[in-house]
Amino acid sequence: MTQPDNKPIHRPIPLLDLQAQYDSIATELESAALELMRSGQFIMGDAVAQFESDIAGYLGVEHAIGCASGSDALLLALMALDIGPGDAVITSPFTFFATGGAIARLGATPVFMDIRPADFNLDPAGVRRFLEGSDSRYQALGVRPEQVKAIIPVHLYGQMANMEEFLAISKEFSIPLVEDAAQAIGAKQVFSDGRVVGAGVEGGFGCFSFFPSKNLGAFGDGGLITVRDPELAEKVRVLRLHGSKPKYYHRMVGINSRLDALQAAILGVKLKHLDAWSAARQEKAGVYNRLFTEAGLVSEAPACWIGGCSGDCAWDGQGVVLPYETVALNGGAHIYHQYTIRVKNRDSLAQDLTDAGIGNSVYYPLCLHQQECFSDLGYAGLEELCPHAVCASNQALSLPIYPELSEDDQRRVVETIGKLLA
Ligand SMILES: *Cc1c(COP(=O)(O)O)cnc(C)c1O
């Protein structure tokens with residue numbers, strides 16, 4: 001097909017195609033939904049219990065507790081740790097708002113520390129320096145290491161943060177970890193002793209989201225908390241029901257945050273396909289890597305990643321920096337919730353891609369420490385604190401990725417980027 005001026009008209013390539021997934025398992029989904037509707041049991045009940053047990057088995061964790069969203073999962077985990085005013089919680093500034101929002105909601109102080117530019121995740125080395133008291137820069141913000149009551153590593157884009165290092169820090173400083181695994185269900189990491197560790201399983205708490213666009217997405221909101229400790233598990237179970245136990249008797253002030261039975265039924269169907277979907281995403285990522293390389297579009301990682309960032313990006317790469325996998329594991333530990341490249345002049349490339357009908361998105365254009373609602377934390381003017389995160393927010397660009405994406409479409413994405421960068 002051509003337009004009058006002889007330009008080919010292409011079908012748009014979406015960033016994510018949920019319709020393709022729905023079509024592939026429609027019968028299974030519809031019969032599970034119908035069965036649930038006929039059961040009349042919409043709050044908690046068998047469907048939720050079944051899903052909680054299935055997903056605990058899938059993740060390899062003792063307790064998996066459904067809740068209303070990934071945001072609530074973070075909130076409930078921090079509530080179970082009794083975090084409140086006067087406490088501080090360390091996390092990444094380069095994440096979805098919920099990570100920082102949960103901390104602030106409880107009256108605690110979020111402490112935003114810089115990321116490792118290679119994998120976009122919170123840098124354990126910076127966290128350790130601060131906790132050891134050998135980084136005085138945060139004094140200007142009035143936060144002391146003794147105030148830190150939790151650390152939230154975020155597994156951004158489906159690539160796990162360096163959990164081996166975070167677990168060592170957690171043990172050494174007796175500070176619990178709350179993993180924000182909203183984007184990383186099914187991701188794994190190999191530790192130096194050979195152990196394979198799944199996202200959201202090894203820390204104190206794992207927090208997952210079933211927002212429709214996540215790798216395991218519901219037909220609405222949903223979330224999950226994983227925990228090994230039975231007492232903390234029980235506390236979360238009670239907190240999600242307004243702190244009520246027995247019913248109508250409250251020793252704690254909780255919230256109303258349950259996983260809908262209908263969502264649990266849907267998620268139970270989808271869970272059976274998750275590993276195949278993750279493998280397909282990894283395969284698509286490999287195809288992108290190959291196509292970008294064959295097209296000669298790959299730039300070396302900027303030197304400032306090793307030598308230190310001045311805050312004023314001096315990277316003069318002409319191409320794209322490909323996503324980085326910390327540890328390869330049977331073809332990939334990264335489950336590619338997003339396939340995110342780095343480019344200079346990101347905003348103009350993003351606009352041009354949109355104009356060409358190619359879905360893309362910027363996760364995230366403004367770091368949390370720069371958000372207006374956190375201006376009273378005092379980060380303004382302290383650019384030296386999180387330069388890599390700010391740089392990532394200016395250069396990161398996520399491209400279409402989903403299990404049903406075709407190689408032809410991937411080729412078109414790469415060819416279009418090649419033309420636009422030329
Ligand atoms: C999606 C997401 C959340 C929040 O999940 P919701 O279910 O949308 O509340 C939290 N953290 C990260 C990193 C996310 O991507």
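Attention in this report is confined to the structure presented alongside it. (Residues numbered from 1 in each chain as written. Predicted model: local features only at pLDDT ≥ 70, side-chain atom pairs only at ≥ 80, totals over all residues. Heavy atoms only, no water.)

1. What to know about the site of the ligand
In plain terms, the rule: Neighbouring residues are identified by heavy atoms, a residue being near a molecule or strand if any of them is within 4 Å of it. By the criterion applied in these results, polar contacts are pairs of N or O atoms within 3.5 Å in which, for protein atoms, one can donate a hydrogen and the other can accept it, and in which residues neighboring in sequence qualify only through two side-chain atoms. In short, Shrake-Rupley with a 1.4 Å probe defines the accessible areas, and a residue's cover is counted only from the protein chains shown. Points on a 1 Å grid, built from protein atoms alone, make a cavity when a 1.4 Å probe fits but cannot get out and make a pocket when they are open with protein on both sides within 12 Å along at least 5 of 7 lines; residues with an atom within 4 Å of a point are the lining residues. To decide whether a molecule occupies a pocket or cavity, check its atoms: if more than half lie within 2 Å of the grid points, it is inside. Going along the chain from the N terminus, every DSSP run of H or I of four or more residues is numbered as a helix, and every run of E of two or more is numbered as a strand. Side-chain classes follow a simple rule in which Ala, Val, Leu, Ile, Met, Phe, Trp, Tyr, Cys and Pro form the nonpolar group, Asp, Glu, Lys and Arg form the charged group, and the remainder, Gly included, forms the polar group.
Near the ligand you find 16 residues, and of these Gly-70, Ser-71, Asp-180, Ser-209 and Lys-214 are the closest. Within the side chain of Asp-180, an N or O atom sits 2.8 Å from a nitrogen atom of the ligand. Bound to the protein, the ligand loses 93% of the 380 Å² it would expose on its own. Among the cavities detected, the one that contains the ligand is the largest pocket. Among the elements of the structure, α3 (70–80) and α4 (97–105) are those that each provide at least two residues to the shell around the ligand. When the residues that make up the shell around the ligand are grouped by side-chain class, the tally is 6 nonpolar, 8 polar and 2 charged.

2. Details of the layout of surface pockets
Note the cut-off: Grid points are joined across faces, edges and corners, and a volume is the space filled by probe spheres set on the points.
Of the volumes computed, that of the largest pocket is approximately 480 Å³. Along its surface, the largest pocket is lined by 30 residues, and Phe-96, Phe-211, Ser-213, Lys-214 and Tyr-364 are the ones closest to its centre. Along the lines of polarity and charge, the residues of the lining of the largest pocket split into 15 nonpolar, 11 polar and 4 charged.

3. Some thoughts on the pattern of salt bridges
Note the following rule: Salt bridges are identified by distance alone: a Lys or Arg side-chain nitrogen within 4 Å of an Asp or Glu carboxyl oxygen.
Here the structure, examined in full by the defined rule, presents 19 salt bridges. Among the salt bridges present, the one from Lys-235 reaches Asp-82, with a minimum N-O distance of 3.1 Å. Taken together, the residues Lys-235 in helix α7 (residues 230–239) and Asp-82 in the loop between α3 and β2 (88–91) connect sequence positions 153 residues apart. Asp-87 is the salt-bridge partner of Lys-149, the closest N and O atoms lying 3.1 Å from each other.

4. Brief notes about the state of the cysteines
Test applied: In plain terms, two cysteine sulfur atoms within 2.5 Å form what is called a disulfide here. For every residue, the accessible area obtained with a 1.4 Å probe (protein chains only) is divided by the maximum for its type, and the residue is called buried under 20%, exposed over 50%, and partly exposed between those limits.
Applying the stated rule across the entire model yields 0 disulfides. No disulfide involves Cys-367; its nearest neighbouring cysteine sulfur is the one of Cys-386, lying 7.2 Å away. Residue classification places Cys-386 among the buried positions, given a relative accessible area of 1%.

5. Some details on the nonpolar core
Filter applied, for reference: Definition used in this section: a nonpolar core is a set of buried Ala, Val, Leu, Ile, Met, Phe, Trp, Tyr and Cys residues joined via side-chain atoms within 4.5 Å. The criterion used for residue contact is that any of the two residues' heavy atoms lie within 4.5 Å.
Of all hydrophobic cores here, the largest spans 76 residues; its most connected members are Ile-55, Ile-90, Phe-94, Tyr-138, Ile-151 and Phe-210. When residues no more than four places from it in sequence are discounted, the contact partners of Phe-210 are Phe-51, Ile-55, Ile-185, Leu-216, Gly-217, Ala-218, Gly-220, Gly-222, Gly-223, Leu-224, Leu-259 and Leu-267.

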